[in-house]
Amino acid sequence: MQNIRPTAVAGLFYPGEANALMHDVRAMLAAARPSELNPKALIVPHAGYIYSGAIASGAYAALRNIASVIRRVVLLGPTHRVAVRGLALPDADAFATPLGNVQIDLAAAQAIAHLPQVTVSAQVHAQEHSLEVQLPFLQSVLPDFKLLPLAVGTASADEVAEVLEILWGGGETLIVISSDLSHYLPYSTAQRVDNETVQSILKLRQPIAHDRACGGTPISGLIVAANKHHLTPHLLDLRNSGDTAGSRDQVVGYAAIAFTQDEPETQAEHREHGRILLQLARDAIAEQFGSARQNIPQAGWLQEPGATFVTLTSHGQLRGCIGSLEAHRPLAEDVRRNAVAAALHDPRFLPLAAEEFAEVVVEVSLLAPAQPMQFRDELDALTQLRPGVDGVIFEYDGYRSTFLPQVWENLAQPRQFLAMLKRKAGLPDDFWAEGVKLSRYTVEKWSEKKT
């Protein structure tokens with residue numbers, strides 16, 4: 001039987017009921033400013049959501065473009081209740097939240113267990129809020145991940161950096177540092193002090209003192225690692241409790257900072273794959289209008305089975321969208337066939353004319369395998385949907401439809417999203433029956449630049 005660390009601050013720092021919690025987190029993520037960054041690491045605050053949730057959401061919203069890639073989150077935060085020497089792992093297999101359990105990456109824990117600065121302590125983690133409050137955001141943004149939570153006590157920046165180095169990984173690993181900034185200074189003083197602290201972080205200068213940031217030790221360790229790995233920090237938000245929900249007599253400072261890697265190989269490869277898929281789609285359509293057939297690249301990854309959707313837009317309006325929900329033919333062939341189908345055989349539109357083609361913007365989405373959803377009723381299903389992350393397949397007695405994750409941009413509320421999905425299947429917006437099946441998937445997408 002699994003050893004699960006129960007919630008300690010649900011109902012205090014954030015709503016203790018799942019529907020209310022999901023509603024609040026989604027609202028904060030939806031209100032966050034868009035970002036085109038692809039972070040390797042984040043610094044986020046850990047106060048009650050009413051105070052710092054809006055700032056934290058700006059950091060987590062920046063993960064949308066890479067959410068499907070992340071499989072492990074290394075989460076570090078300072079200890080507030082129990083002193084400890086070094087970095088403490090939990091004596092648990094999972095952390096509970098109102099949104100469900102988050103599994104611990106036991107293999108990653110084993111990889112650092114030999115370090116003298118790493119210990120195991122259920123007591124340190126039992127009432128610690130700095131890690132727990134991050135989990136509902138992570139659960140709402142990331143489709144599939146395991147967690148490695150570390151409560152940081154007395155340690156050096158180099159000791160933290162040594163742990164991070166072992167766990168660094170590639171694009172599948174995200175590092176999150178949980179820390180507030182100054183505590184209980186007058187509003188204007190806090191603004192000055194917090195700005196100085198943030199400037200040190202942005203210039204990758206450490207140490208960060210604990211009276212400037214309660215998570216100064218893990219932040220300093222991240223700065224050591226960031227210098228080694230050539231990360232670039234970006235300030236996403238800087239406010240304090242006087243800006244959100246508290247008095248300005250004594251405030252607590254909050255920052256959201258994203259660290260990006262300077263042209264990591266995985267991102268370059270990802271862009272190159274996208275360039276090839278977009279060119280395959282455009283060339284396939286061009287051939288229908290008389291262009292000479294182009295040589296199809298023979299790279300191994302193009303010969304593997306793949307499921308894609310090709311979307312065409314013209315002057316910002318949908319002009320065709322056809323795709324495959326399951327991988328049943330080589331990726332290159334799937335893209336080419338779906339491109340032609342989107343241009344000429346989408347039943348919602350007249351076939352694309354040759355003179356329109358130059359104005360069309362091509363987008364290719366590569367689908368991850370769909371996962372069936374388990375739910376009690378429609379309300380439960382709505383609670384589980386993740387706006388901006390999930391593509392959804394609706395099925396009922398021969399009726400079937402899907403929306404890509406991109407559709408959330410126009411249908412931001414889960415109830416509206418699902419109603420339109422049912423309408424697309426040919427059923428009433430308010431339809432529901434016991435036999436309804438829902439599956440969800442994530443996508444990697446590439447789009448031609450608009451000119």
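Nothing here was measured: the structure is a model prediction, and the numbers come from that model.

Engineer: Looking at this structure, how should I read the pattern of salt bridges?
Structural biologist: Any two side chains of opposite charge can pair, so long as their charged atoms come close to each other. Summed over the entire model, instances satisfying the criterion amount to 20 salt bridges. Between E287 and R336 there is a salt bridge whose closest N-O contact spans 2.9 Å. Remark: R336 occurs in helix α13 (residues 331-344) and E287 occurs in helix α11 (residues 265-288); sequence separation between them is 49 residues. Like R336, E287 is buried.

Engineer: When you look at the sheet that holds strand β5 (residues 94-97) in this model, what are you seeing that I'm missing?
Structural biologist: Read from one edge of the open sheet, three strands run β1-β5-β6, paired in mixed fashion. Since the sheet does not close on itself, it has two edges, and those belong to β1 (4-5) and β6 (100-103), each with one partner. With four bridges joining them, β5 and β6 adopt antiparallel strand pairing. Looking across to β6, one finds that T97 is bridged to G100.

Engineer: Any chance you could explain the nonpolar core here in plain terms?
Structural biologist: Counting residues in hydrophobic clusters, the biggest one holds 49 residues, and the most contacted among them are Y60, L63, V73, L142 and L147. Counting only elements with at least two residues in this core, the list comes to α1 (18-31), β2 (39-44), α2 (49-61), β3 (72-78), α6 (135-141), β8 (146-152), β9 (173-178) and β12 (251-261). Contact partners of V73, with chain neighbours within four places excluded, come to L138, L142, F145, K146, L147, L148, L174 and V176. Core analysis: the second largest hydrophobic core is formed by 37 residues, L167, L181, I201 and L231 among them.

Engineer: What is the right way to look at the environment of V69 in this model?
Structural biologist: Topologically, V69 is positioned in the loop between α2 and β3. Between the C-alpha atom of V69 and that of G170, which follows or precedes it by 101 residues, the distance is 9.8 Å. Residues contacting V69, with those up to four places away along its chain left out, are G171 and E172.

Engineer: For this particular structure, what's the right way to read the side chain of D237?
Structural biologist: Position of D237 among the secondary structure elements: in strand β11 (residues 231-240). With relative accessibility at 12%, the residue D237 sits in the buried group. A distance of 2.8 Å separates a polar atom in the side chain of D237 from a polar atom in the side chain of R239. Filtering out sequence-adjacent residues up to four positions away, D237 remains in contact with R33, A54, I55, Y254, A255 and A256.

Engineer: So what exactly am I meant to see when it comes to α2 here?
Structural biologist: Because each turn of an α-helix spans 3.6 residues, side chains separated by three or four positions end up pointing in the same direction. Taking 1.5 Å per residue as the helical rise, α2 with its 13 residues ought to reach 18 Å, whereas the 15 Å between its terminal C-alpha atoms falls clearly short. Bending of α2 peaks at approximately 30° at the position of I55. Most of α2 is tucked away: 10 of the 13 residues are buried. Inspection of α2 places Y49, S52, G53, I55, A56, S57, G58, A59, Y60 and A61 among the buried residues, and these make up the whole buried set.

Basis of the calculations
Residues numbered from 1 in each chain as written. Predicted model: local features only at pLDDT ≥ 70, side-chain atom pairs only at ≥ 80, totals over all residues. Heavy atoms only, no water. Salt bridge = Lys/Arg side-chain N within 4 Å of Asp/Glu carboxyl O. Helix = DSSP H or I, 4+ residues; strand = E, 2+ residues; numbered from the N terminus. Buried < 20%, exposed > 50% of the residue type's maximum accessible area, 1.4 Å probe, protein only. Pairing = 2+ DSSP bridges. Core = buried A, V, L, I, M, F, W, Y, C linked by side-chain atoms within 4.5 Å. Contact = heavy atoms within 4.5 Å. Polar contact = N/O pair within 3.5 Å; in protein donor to acceptor, adjacent residues only side chain to side chain. Expected span 1.5 Å × (residues − 1). Bend = angle between axes of the 7 residues up to and from the residue.

Functional significance is not addressed by these values, which are geometric in nature.
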